[in-house]
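Here is how the chains run, residue by residue.
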Amino acid sequence: MFALTFDDGPGPSTSALLDVLAAEGVQATFFLLGRNVEEAPWCGDPARARAIAQRALKDGHVLGNHSYSHFRPDRWREFAADVRRGEAVLRLLRPPPIPFRLPYGIQRVEGAFPLGTTGEQLDPRLAVVASMGLGHQHWTSDFDDWTLGASDGPALSSRMVAHVSLCQANGLDAVLDLHDSGTGSGFGYERPATVEGVKLFLQEARKRGWKSFTVPQP
Ligand SMILES: [Zn+2]
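Everything quoted here is computed from the prediction, not taken from an experiment.

Draft legend 1. The packing of helix α1 (residues 14-24) against helix α3 (residues 46-58), seen in detail. In the contact formed by α1 and α3, the axes pass within 10 Å of each other and the chain directions differ by 15°. The orientation of α1 relative to α3 falls into the category roughly parallel. For the element pair α1 and α3, the recorded crossing hand is left-handed. Within the contact between the two elements, α1 uses Thr14, Ser15, Leu18, Asp19 and Ala22 and α3 uses Ile52, Arg55 and Ala56. Classifying every residue of the contact of α1 with α3 gives 4 nonpolar, 2 polar and 2 charged.

Draft legend 2. Geometry of the nonpolar core. One finds Phe2, Leu4, Leu21, Val198 and Phe201 to be the most contacted residues of the largest nonpolar core, which totals 39 residues. What Phe2 contacts, discounting residues up to four positions off in sequence, is Val164, Ala174, Leu176, Phe201, Leu202, Ala205, Trp210, Lys211, Ser212 and Phe213. With 7 residues, the next largest nonpolar core counts Ala80, Phe100, Val128 and Val129 among its residues.

Draft legend 3. Expanded view of the coordination of the zinc ion. Asp8 (OD), His66 (NE2) and His70 (NE2) make up the full set of protein donors to the zinc ion, lying at 2.1 Å. We note that the donor set of the zinc ion lies within a single chain, spaced as D-x57-H-x3-H. Here Asp8 is found in the loop between β1 (2-7) and α1, whereas its partner His70 is found in the loop between β3 (62-65) and α4 (79-91), with 62 residues between them in sequence.

Draft legend 4. Representation of the layout of surface pockets. In this model, the largest pocket occupies a volume close to 260 Å³. The wall of the largest pocket is formed by 19 residues, among which Asp8, His70, Tyr104, Trp146 and His179 lie closest to the centre.

Draft legend 5. Representation of α3 within the structure. Along its 13 residues, α3 runs 18 Å from first to last C-alpha, staying within 8% of the 18 Å computed at 1.5 Å per residue. Those residues of α3 lying buried are Ala49, Ile52, Ala53 and Ala56. Buried residues of α3, seen end-on, are gathered within an arc of 95° and therefore sit on one face of the element. Facing away from the buried side of α3, by more than 90 degrees, are the exposed residues Ala47 and Lys58. Buried-residue contacts for α3 involve α1, β2 (29-32), α2 (34-38) and β3. Following α3 by one or two positions, Gly60 has its phi on the positive side, about 95°.

Draft legend 6. Geometry of the sheet that holds strand β7 (residues 174-179). The 5 strands lie next to each other as β3-β2-β1-β7-β6, forming an open sheet whose pairing is parallel. Looking along the sheet, the strands with just one partner apiece sit at the ends: β3 and β6 (141-142). Contacts between α1 and the sheet are confined to β1 and β2, with β2 contributing the most and set at about 165° to the helix. Strands β1, β6 and β7 of the sheet are contacted by helix α6 (residues 153-169), whose axis makes an angle of about 160° with β7.

Draft legend 7. How the structure looks around the packing of aromatic side chains. One pass over the full model with this rule turns up 4 aromatic pairs. Between the aromatic rings of Phe6 and Phe30, the centroid separation amounts to 5.1 Å while the plane-to-plane angle is 25°, which identifies the pairing as stacked. Linking Phe6 in strand β1 with Phe30 in strand β2, this pair joins segments that are 24 residues apart in sequence. The two residues Phe6 and Phe30 agree in class, both being buried.

Draft legend 8. Molecular detail of the pairing of β1. In terms of burial, β1 is a largely internal element, 6 of the 6 residues being buried. Alternating residues of β1 divide into Phe2, Leu4 and Phe6 and Ala3, Thr5 and Asp7, and every residue in both groups is buried. Read as a crossover between parallel neighbours, the route from β1 over α1 to β2 is right-handed.

Draft legend 9. Just unusual backbone geometry, in detail. With an omega dihedral of -5°, the bond running from Gly9 to Pro10 counts as a cis peptide bond. Cis geometry is found at the peptide bond from Pro96 to Pro97, where omega equals 0°. Among the secondary structure elements, Pro97 is positioned in the loop between α4 and β4 (108-109). Located in the positive-phi region is Ser67, a residue other than glycine, with phi close to 80°. For Ser67, the position within the fold is in the loop between β3 and α4.

Rules behind the numbers
Residues numbered from 1 in each chain as written. Predicted model: local features only at pLDDT ≥ 70, side-chain atom pairs only at ≥ 80, totals over all residues. Heavy atoms only, no water. Axes fitted to C-alpha atoms, helices over the stretch in contact; angles between N-to-C directions. Helix = DSSP H or I, 4+ residues; strand = E, 2+ residues; numbered from the N terminus. Parallel < 35°, antiparallel > 145°, perpendicular 65-115°, else oblique. Left-handed = near helix turned anticlockwise from the far one by under 90°. Contact = heavy atoms within 4.5 Å. Nonpolar A, V, L, I, M, F, W, Y, C, P; charged D, E, K, R; others polar. Core = buried A, V, L, I, M, F, W, Y, C linked by side-chain atoms within 4.5 Å. Buried < 20%, exposed > 50% of the residue type's maximum accessible area, 1.4 Å probe, protein only. Donors = N, O, S within 2.8 Å, 3.2 Å for Na, K, Ca; no water. 1 Å grid on protein atoms, 1.4 Å probe; cavity = no way out; pocket = protein on both sides within 12 Å on 5 of 7 lines; lining within 4 Å. Points joined across faces, edges and corners; volume = space filled by probe spheres on them. Expected span 1.5 Å × (residues − 1). Arc of directions from axis to C-beta. Pairing = 2+ DSSP bridges. Phe/Tyr/Trp six-rings, centres within 6.5 Å; stacked < 30°, edge-to-face > 60°. Right-handed = clockwise from strand over helix to strand, strands pointing away.

Quick look at the structure:
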């Protein structure tokens, strides 16, 4: 089995991605950036961004919080407030408990941290989210799809198929991390390779009889 997860949206490619998922009858998890809903700098139209998020819910997808602003890990002093701000945006869309994913995933960060520890340690933001009663929804593979060009969809699909096969060979289900938008340059990117890659992957998954699930498990 496999779970699709998408970070950083909503953005310019989210609607096309929702069309692809609807065509295959597959539900995914979208870890939204509060800013991309509430301010929607990527389109200048918060009502449009909210409508996309509401469509995702209506289509049966899970909405999660990816923080409000996607601060880098070294901005941990601002992190808790930013997570709460993202959570508040998500609570206008769906009831809690709201799944959470760290911006950039788990990172190693050098420096002095809250709670009395210094030096290199596992991501100090994990302690911050723990203090808030939250966990981090990780993945079995991140495909760096933000680096891909428009024609890289078939290559992305092949890597996704290979990863699910590898998980299957090891008796594991796969949780794939992809991106339907981005945080630089106006907080929103087109992700044509991701849309095409997911479309091709789902066609192959159907042929192989693979089933999808959503994270976190209900
Ligand atoms: Zn992200």
